[in-house]
Amino acid sequence: MSGKRVPTYTTTNGNPVKDPLASQRIGKHGPLLLQDFALIDLLAHFDRERIPERVVHAKGSGAYGEFEVTDDITDLNCADFLSKIGKKTKTFTRFSTVGGEKGSADAARDPRGFATKFYTDEGNIDWVYNNTPVFFIRDPSKFPVFIHTQKRNPETNLKDATMMWDYIANNQECCHQIMVLFSDRGTPANYRQMNGYSGHTYKWIKKDGSFNYVQIHMKTDQGIKNLTNDEAVALSGTNPDHAQEDLFNSIKSGSFPSWTCYVQVCTPEQAEKLKWSVFDLTKVWPHDQFPLRRFGKLTLNKNVQNYFAETEQAAFSPSNTVPGWETSADPVLQSRLFSYPDTQRHRLGTNFAQIPVNCPYHAHTPYHRDGQMAVNGNSGSLPNYPSSFEPLQYRQDINLHEKHEKWVGEAVAYQWVVGTDGVDFQQPAELWKVLGKTPDQQEHLVYNIAVSLSGARPEVQDKTFGMFDKVDAHFGKLVRDATLQRSPRSKL
Ligand code: HEM
């Protein structure tokens, strides 16, 4: 052995242990002694190793990296971390699947989460994005019930095609996202070869206080690569952790994945003229009308040292944002502002922001005190109220923007019914045409849907065929034929 110092094994409180594998007992085969604190300490800690897994996005992979501003964007955004070309910000990214448990297969047909924490000089901003530009819902009350249908049947504890398609057929605003999900983009080959999208509309604030609505696109520099349905099914069996392995080994070998970041800009005036609500995240913004403008690059260059400490305990939230980058009135986004820190207080504890992977470089919160696991000094002897004797500065330049935020109306329980704006099936129809431009993509979409839909009850299948008919009559027919071929009615 070299001269390297061998550490001494101790109990949790630092007492040296003679032999951690020799429990104290009476005689050689007699009962244990309660005085054996080393054993009790070890068992008690083991008994508490598991924390709740994320209620969604439980299976994931993380890595550190760097964001660099590549193009001047200061005419559009006044955030400090975007203030000059070449400015770099340290980051932590976690990719995930959505519906499966912590041990589920990476190749599942599912949206992929793409969450990045930027440790800026003005605190952390989190981009909690997916690899799909649209989403299933536009009323947040649907999220918990929609997710239930993606998870397990409460009686059988099985994934349940009837439950899933029953929800889809009765909540057809999800049609656009369902078509993205059942295209081959629903099974990316790995985390490096897929894009990231904000999905939601955010607000970028200019230096003069005016703002634009924006959507963010992160395009993979590795090129998009997807699996076919059959490849994904096979991979789920042979290597359920293939995306974790791919990410870890790429970074370890020095092949750092990167994404070029673009913004789409919609002025408040343009927003008023849109045929759909600017806050409807079941829609994309057409690129010819809202071109992509490049502003940065995200590169992942360092693996975590400890999966639990860093990746599992990472806590992202769309509510973490910096001056110059604001959330919008999108009701789904607004609900997320509540939901993420709420679940994190449950999953990780009140002081989850003190965990190193979540910790901003400079936080000064002397009015927030105590709580379980206050491990950062708890603001020491500083006043825990706005004291006249030790005043703090408050940033006076951070304003609520009342322009375009004047809301008048009566309180209503609003059901955003499908079809009311007349355009709900237009973008799905365009997507069907776009898929037709690449060989096999329409065929794969039909096949991927049929594989899943054939497991649902006939009345649910029929309602779903009707939904695809509204997109394109030929598409609806192809889905009907392919599904019934796999689950012929005569046999039922
Ligand atoms: C009402 C709608 C939604 C609700 C209530 C919701 C709720 C949640 C919750 C509770 C978590 C677990 C967080 C944690 O334990 O740390 C989560 C994770 C996540 N959500 Fe959502 N979500 C919603 C919509 C969305 C949308 C629209 C997107 C993407 C555009 C998204 C992207 C993500 C991602 C990427 C994660 C994983 C973050 C990580 O890696 O830790 N969610 N969501």
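All of these numbers come straight from a predicted model, not from anything done at the bench. (Residues numbered from 1 in each chain as written. Predicted model: local features only at pLDDT ≥ 70, side-chain atom pairs only at ≥ 80, totals over all residues. Heavy atoms only, no water.)

Considering the UniProt feature "binding site: heme" (unreviewed entry) in the protein chain
Then, in step 1: Mapped onto the present numbering, the UniProt feature "binding site: heme" (unreviewed entry) falls on Tyr340.
Then, in step 2: In this fold, Tyr340 is placed in helix α9 (residues 331-347).
Then, in step 3: Residues contacting Tyr340, with those up to four places away along its chain left out, are Val128, Phe316, Ser317 and Pro318. (UniProt positions renumbered as here; feature names shortened; annotations may be inferred. Helix = DSSP H or I, 4+ residues; strand = E, 2+ residues; numbered from the N terminus. Contact = heavy atoms within 4.5 Å.)

Describing unusual backbone geometry
Then, in step 1: You will see that Asn157, though not glycine, has its phi angle at about 60°, which is positive.
Then, in step 2: You can see Asn157 is positioned in the loop between α2 (142-150) and α3 (161-170).
Then, in step 3: Here Asn157 falls in the partly exposed class, since its relative accessible area comes to 48%.
Then, in step 4: In this model, Met373 sits at a positive phi of 60°, which is unusual for a non-glycine residue.
Then, in step 5: On the secondary structure map, Met373 appears in the loop between α9 and α10 (426-435).
Then, in step 6: The class of Met373 is exposed, set by a relative accessible area of 64%. (Buried < 20%, exposed > 50% of the residue type's maximum accessible area, 1.4 Å probe, protein only.)

Side note on the domain arrangement of the protein chain
Then, in step 1: Splitting the protein chain by domain gives domain 1 (60-136 + 171-344) and domain 2 (426-491).
Then, in step 2: Between the C-alpha centres of domain 1 and domain 2 there is a distance of 29 Å.
Then, in step 3: On the side of domain 2, 20 residues touch domain 1, which itself brings 18 residues to the contact.
Then, in step 4: Between domain 1 and domain 2, a total of about 1500 Å² is buried, with carbon and sulfur atoms accounting for 63% of that surface.
Then, in step 5: Linking domain 1 with domain 2 are 0 salt bridges, by the criterion used here.
Then, in step 6: At the junction of domain 1 with domain 2, the criterion picks out 6 residue pairs in polar contact (both at pLDDT 80 or more).
Then, in step 7: Those elements giving two or more residues to the side of domain 1 that touches domain 2 turn out to be α4 (175-182) and α5 (229-238).
Then, in step 8: With 6 residues, α4 is the largest single contributor of residues to the side of domain 1 that touches domain 2.
Then, in step 9: Looking at the side of domain 1 that touches domain 2 residue by residue, the class counts come to 7 nonpolar, 6 polar and 5 charged. (Domains from an automatic or database assignment. Buried area = accessible area lost by both parts, 1.4 Å probe. Salt bridge = Lys/Arg side-chain N within 4 Å of Asp/Glu carboxyl O. Polar contact = N/O pair within 3.5 Å; in protein donor to acceptor, adjacent residues only side chain to side chain. Nonpolar A, V, L, I, M, F, W, Y, C, P; charged D, E, K, R; others polar.)

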